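Summary of structural features
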Amino acid sequence: MWKPIHLVPPNTRIDFMRFHRFTFILAVIMTLASIGLVAVKGLNFGIDFAGGILMEVRAPQPPDLADLRGRVGGLGLGEVSLQTFGDPNTVLLRLPQQEGGEEAQQAAIGKVRSELGSGWDYRRTETVGPKVGSELVKNAVIAVALAMAGIFVYVWIRYAWQFGVNALFAMVHDVVTTLGLFSLFGLQFDLATVAAILTVAGYSVNDKVVVFDRIRYEMRRYKTMPMGDVINLSVNETLSRTTVTAGLTFISVLALFLFGGQVLHGFAIALMWGIFIGTYSSICIAAAGLFNLRHSKIRGDDEDAKEAGKGATRGA
């Protein structure tokens with residue numbers, strides 16, 4: 001007879017609460033380190049945020065980037081940034097914003113085309129002004145902040161403020177460490193990455209709601225069980241669902257990273273990291289945080305009465 005395959009055995013009993021202090025300290029260190037990286041090193045903003053001119057061009061054969069940089073740099077258009085894109089023949093060429101409005105931008109594009117010649121395939125040309133770029137940065141920050149605030153309010157109303165605070169801290173950890181990853185490796189940060197970060201926040205809170213639901217259910221079922229044991233039981237009971245969901249989602253995003261092209265690499269990397277760190281924070285931050293945040297108030301009068309009874313017994 002066929003038997004189902006269990007990635008996580010049904011009777012798994014991992015003592016997550018045993019390591020809750022270590023995981024919390026690790027989360028704080030990662031968050032602060034990411035903030036420091038972004039503050040010191042900054043983000044490698046794409047054309048969406050930085051402004052300027054972006055040209056995607058393809059040569060008949062792999063070009064010499066050093067020679068190409070010298071030729072375009074000699075046009076007097078400012079500092080030129082070049083990198084291969086997708087294959088050795090394709091190059092992404094970035095120029096700073098030119099003074100003089102749209103006419104100056106088009107004149108700069110014309111100079112580059114004249115220098116490269118007609119043998120090149122000009123696949124894409126984009127121009128973004130500095131004002132538009134700064135507005136996009138502001139709007140991206142507002143979008144992420146409003147999304148996280150909305151999620152916090154939802155979790156607070158559905159459960160209790162203790163759940164909301166832990167969910168918010170875990171989401172801040174997920175988002176900030178994603179920014180730290182992009183800063184550390186100099187990955188391009190653009191509007192697609194912002195979309196990925198919002199997706200990470202939504203995916204993360206979905207996983208946390210599943211764990212919170214189980215914790216609330218077990219708290220009502222075992223009113224006298226110690227809170228640490230309730231959290232361990234709840235996390236272990238949802239571990240199979242969490243593992244399968246995260247694993248399948250990660251495989252899908254990995255396929256997007258491998259076969260989606262260079263344009264989607266940043267988006268896919270942010271999602272892959274978000275899936276991993278979101279699963280970690282659901283178990284080791286959001287759930288474990290309830291253990292230290294006035295959990296007796298979540299459980300109601302039964303838990304308070306139990307604690308009072310213990311105190312009376314010790315006093316006698």
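Model, not experiment: these values are computed from the prediction.

In the predicted model, the protein chain carries a mean pLDDT of 80, and the fraction of residues at 70 or more is 88%. The secondary-structure element of the protein chain with the lowest mean pLDDT is helix 11 (residues 301–315), recorded at 41, while helix 1 (residues 20–40) shows the highest, at 90. Ignoring residues within four places in sequence, the model shows residues 301–316, a span with pLDDT below 50, making six contacts including any to other chains.

Right, let's get into helix 9 (residues 265–289). Taking 1.5 Å of rise per residue, the 25 residues of helix 9 would be expected to cover 36 Å, and the 33 Å separating its terminal C-alpha atoms lies within 8% of that figure. Of all the bends in helix 9, the largest measures some 40° and sits at Ser-281. Counting buried positions along helix 9 gives 21 out of 25 residues, so the element sits mostly inside the fold.

On the surface, Val-153, Trp-156, Ile-157, Trp-161 and Val-165 cluster together into a nonpolar patch covering about 480 Å² of accessible area. Among the elements of the structure, helix 5 (130–158) and helix 6 (161–185) are those that each provide at least two residues to the nonpolar patch. Among the elements that line the nonpolar patch, the one with the most residues is helix 5, at three residues. Secondary-structure assignment places Val-153 in helix 5. On the basis of relative accessible area, Val-153 is assigned to the partly exposed category, the value being 39%.

Moving on: the nonpolar core. Formed by 53 residues in total, the largest nonpolar core has its most connected members in Val-155, Phe-163, Phe-212, Ile-215, Ile-231, Val-235 and Leu-290. Within the residue set of this core, elements represented by two or more residues are helix 5, helix 6, helix 7 (191–221), helix 8 (227–259) and helix 9. Top contributing element to this core by residue count: helix 9, with 14 residues. Not counting residues within four places of it along the chain, the set of residues in contact with Ile-231 comprises Met-17, Ile-215, Ala-287, Leu-290 and Phe-291. Judged by nonpolar contacts, the second largest core, of 18 residues, contains Val-72, Val-91, Ala-108 and Tyr-122.

What follows deals with the side chain of Ser-204. Along the chain, the position of Ser-204 falls in helix 7. Taking the relative accessible area as the measure of exposure, Ser-204 reaches 0% and is therefore buried. Those residues in contact with Ser-204, other than ones at most four positions away along the chain, are Met-171, Asp-174, Gly-278, Ser-281 and Ser-282.

Moving on, we get to the packing of helix 1 against helix 6. If you want to describe how two helices pack, look at the angle between their axes and the distance between the axes. Axis separation between helix 1 and helix 6 bottoms out at 8 Å; the angle between their running directions is 45°. As judged from the angle between their axes, helix 1 and helix 6 are oblique. You can see that helix 1 and helix 6 cross each other, and the crossing is left-handed. Residues Phe-24, Ala-27, Val-28, Met-30, Thr-31, Ser-34, Ile-35, Leu-37 and Val-38 of helix 1 form the contact with helix 6, whose own contacting residues are Phe-169, His-173, Val-176, Thr-177, Leu-179, Gly-180, Ser-183 and Leu-184. A per-class count over the contact of helix 1 with helix 6 returns 11 nonpolar, six polar and no charged.

This next bit is on the packing of helix 3 (residues 65–73) against helix 4 (residues 101–116). Between helix 3 and helix 4, the least distance of the axes is 10 Å, while the angle of their chain directions is 135°. Judged by the angle between their axes, helix 3 and helix 4 are oblique. Handedness of the helix 3/helix 4 crossing: right-handed. Within the contact between the two elements, helix 3 uses Leu-68, Arg-71 and Val-72 and helix 4 uses Val-112, Glu-115 and Leu-116.

Looking now at the pattern of salt bridges. A full pass over the atoms with the stated rule returns 11 salt bridges. Note that Asp-213 and Arg-216 form a salt bridge whose closest N and O atoms lie 3.3 Å from each other. Residue Asp-213 and its partner Arg-216 are located together in helix 7, separated by three residues, close to a single helical turn. Given the relative accessible area of 25%, Asp-213 is considered partly exposed.

Glancing now at the pairing of strand 3 (residues 81–85). Summarising the sheet, strand 3 and strand 4 (residues 87–95) pair through five bridges and their orientation is antiparallel. For Gln-83, the partnering residue across the bridge sits in strand 4 and is Leu-92. The hairpin turn running from strand 3 into strand 4, its antiparallel successor, is one residue long, and Gly-86 in that turn takes a positive phi close to 85°.

Procedures and definitions
- Residues numbered from 1 in each chain as written.
- Predicted model: local features only at pLDDT ≥ 70, side-chain atom pairs only at ≥ 80, totals over all residues.
- Heavy atoms only, no water.
- pLDDT = per-residue confidence, 0-100.
- Helix = DSSP H or I, 4+ residues; strand = E, 2+ residues; numbered from the N terminus.
- Contact = heavy atoms within 4.5 Å.
- Expected span 1.5 Å × (residues − 1).
- Bend = angle between axes of the 7 residues up to and from the residue.
- Buried < 20%, exposed > 50% of the residue type's maximum accessible area, 1.4 Å probe, protein only.
- Patch = residues over 30% accessible without salt bridge, like charges linked within 9 Å, V, L, I, M, F, W, Y side chains within 5 Å.
- Areas by Shrake-Rupley, 256 points an atom, 1.4 Å probe, with all protein chains shown as cover.
- Salt bridge = Lys/Arg side-chain N within 4 Å of Asp/Glu carboxyl O.
- Core = buried A, V, L, I, M, F, W, Y, C linked by side-chain atoms within 4.5 Å.
- Axes fitted to C-alpha atoms, helices over the stretch in contact; angles between N-to-C directions.
- Parallel < 35°, antiparallel > 145°, perpendicular 65-115°, else oblique.
- Left-handed = near helix turned anticlockwise from the far one by under 90°.
- Nonpolar A, V, L, I, M, F, W, Y, C, P; charged D, E, K, R; others polar.
- Pairing = 2+ DSSP bridges.

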